[in-house]
Structure formats: C-alpha cells, structure tokens
Amino acid sequence: MKTLVIIMLGLLLNACALFQEKKTSMEVSERLPAAEGQLRADGTDNDNTKIELMVKHLATPEKLEPDATTYMVWARPSAGAPAQPLGALKVDDDLNAKLETVTPLKNFELFITAEDSPLVTDPTGEALLWTNINRE
C-alpha cells in the first residue's frame with residue numbers, strides 16, 4: 001500500500017510539473033541593476049512564437065539615455081542578421097512593463113534597448129536585457 005501511495009504521489013508531482021509555466025529569465029546590463037526580466041515563449045497553432053514579456057524594476061528610459069522615450073523589444077534571428085522590432089514597452093508608475101506579441105521566428109536572440117522613438121526600425125542603443133529563445 002505504501003508503494004502504491006508513493007507511486008501515485010510521484011505521478012501527481014510529475015503531472016503538476018508539466019503544467020507549470022515555462023518562464024525564461026533575462027540577462028540584465030549593469031546599467032539596470034535592479035531590473036528583472038522574464039518571458040514565456042510558446043508555439044502557436046500556426047507554428048509562430050507567442051511571447052509574453054514582463055520586466056520589473058525598470059528605470060524610465062530617459063534616466064539611461066537623455067533622448068530616450070521608450071524601451072524597444074527586438075528579435076535577431078542570427079548573429080550579424082538585422083534585428084526586427086517586436087514592439088515597445090511602456091513603463092508604468094510601479095516601474096513595470098509588459099509586452100505580448102507574436103513572431104514567425106523560432107530561434108532568436110530577444111533583447112531590449114532604450115530608444116528615442118517607438119518608430120525606430122534599427123536598434124541604436126546597447127542591449128539592456130537579453131536572452132535566447134530556442135523552440136526547436
């Protein structure tokens with residue numbers, strides 16, 4: 001009976017682990033020492049990548065760069081390839097920001113820069129938070 005209970009408990013714990021959210025923590029630049037970035041990247045029905053990004057303790061962009069007004073999120077499919085804009089983060093009154101978006105990329109570097117406009121098409125600033133996404 002004890003063995004059966006232990007086996008059942010083990011199966012239950014494994015099932016719970018399968019349903020936990022798979023979040024990835026982001027590396028953070030020394031320029032934003034208090035920031036914490038986490039994201040979840042999942043495949044969609046049509047094989048795109050859905051990204052749910054949350055950053056906490058984020059300084060306002062103008063504190064890092066005098067002309068900066070926004071944080072931009074970028075995806076770079078491979079080293080040397082041009083970065084693709086995924087969207088802008090807006091810092092709220094609690095210094096938190098989030099972005100939900102979808103990209104056709106499966107394997108890419110995701111990074112955040114401080115920029116002077118949400119309309120920029122190429123990153124001009126240094127990567128402040130970053131991670132690699134590998135779905136394959």
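Parameters at a glance
Residues numbered from 1 in each chain as written. Predicted model: local features only at pLDDT ≥ 70, side-chain atom pairs only at ≥ 80, totals over all residues. Heavy atoms only, no water. Helix = DSSP H or I, 4+ residues; strand = E, 2+ residues; numbered from the N terminus. Buried < 20%, exposed > 50% of the residue type's maximum accessible area, 1.4 Å probe, protein only. Contact = heavy atoms within 4.5 Å. Areas by Shrake-Rupley, 256 points an atom, 1.4 Å probe, with all protein chains shown as cover. Pairing = 2+ DSSP bridges. pLDDT = per-residue confidence, 0-100.

K.L.:
Which residues make up the overall build of the chain, and what are the values?
P.N.:
Looking only at helices and strands, the chain features one helix and nine strands. The order of helices and strands in the chain, counted from the N terminus, is α-β-β-β-β-β-β-β-β-β. Scored against the burial criterion, the 136 residues of the chain give a buried share of 34%. In the chain, of all internal contacts separated by at least 6 residues, the share reaching a separation of at least 24 is 58%. About 8,800 Å² of surface is accessible on the chain, with carbon and sulfur atoms providing 53% of the total.

K.L.:
Break down the environment of E62 for me, with residues and values.
P.N.:
If you trace the backbone, E62 turns up in the loop between β4 (49-56) and β5 (70-76). Once the C-alpha coordinates of E62 and D116 are considered, the two residues, 54 residues apart in sequence, prove to be 8.8 Å apart.

K.L.:
Tell me about the sheet that holds strand β9 (residues 129-134), residues and numbers included.
P.N.:
Strand order in the open sheet made by the five strands is β2-β9-β8-β5-β6, with antiparallel pairing throughout. A strand with exactly one partner marks an edge of an open sheet, and here the two such strands are β2 (27-28) and β6 (84-89). In the sheet, strand β8 (residues 107-115) pairs with β9 via six bridges, with the strands oriented antiparallel. Residue F108 lies in a different strand from β9, and its bridge partner there is I133.

K.L.:
Please provide a residue-by-residue account of the pairing of β8, values included.
P.N.:
In the case of a regular strand, side chains alternate between the two sheet surfaces. Burial within β8 is extensive, with seven of its nine residues counted as buried. Two strands pair when backbone bridges link them, and β5 and β8 are joined in this way by seven bridges, in the antiparallel orientation. Within the sheet, the bridge partner assigned to W74 lies in β8 and is F111.

K.L.:
Pulling in residues and values, what's your account of the pairing of strand β7 (residues 97-103)?
P.N.:
Burial along β7 is one-sided: A97, L99, T101 and T103 are buried, and none of K98, E100 and V102, which face the opposite way, are. Pairing geometry for β4 and β7, over seven bridges, is antiparallel. Across the sheet, L53 pairs through a bridge with L99, a residue of β7.

K.L.:
Tell me what's going on with the confidence of the model for the chain, and back it up with residues and numbers.
P.N.:
Overall, the predicted model of the chain reaches an average pLDDT of 86, with 85% of residues at or above 70. Predicted confidence for residues 11-21 stays below pLDDT 50, and this span has one contact to residues more than four positions away or in other chains.

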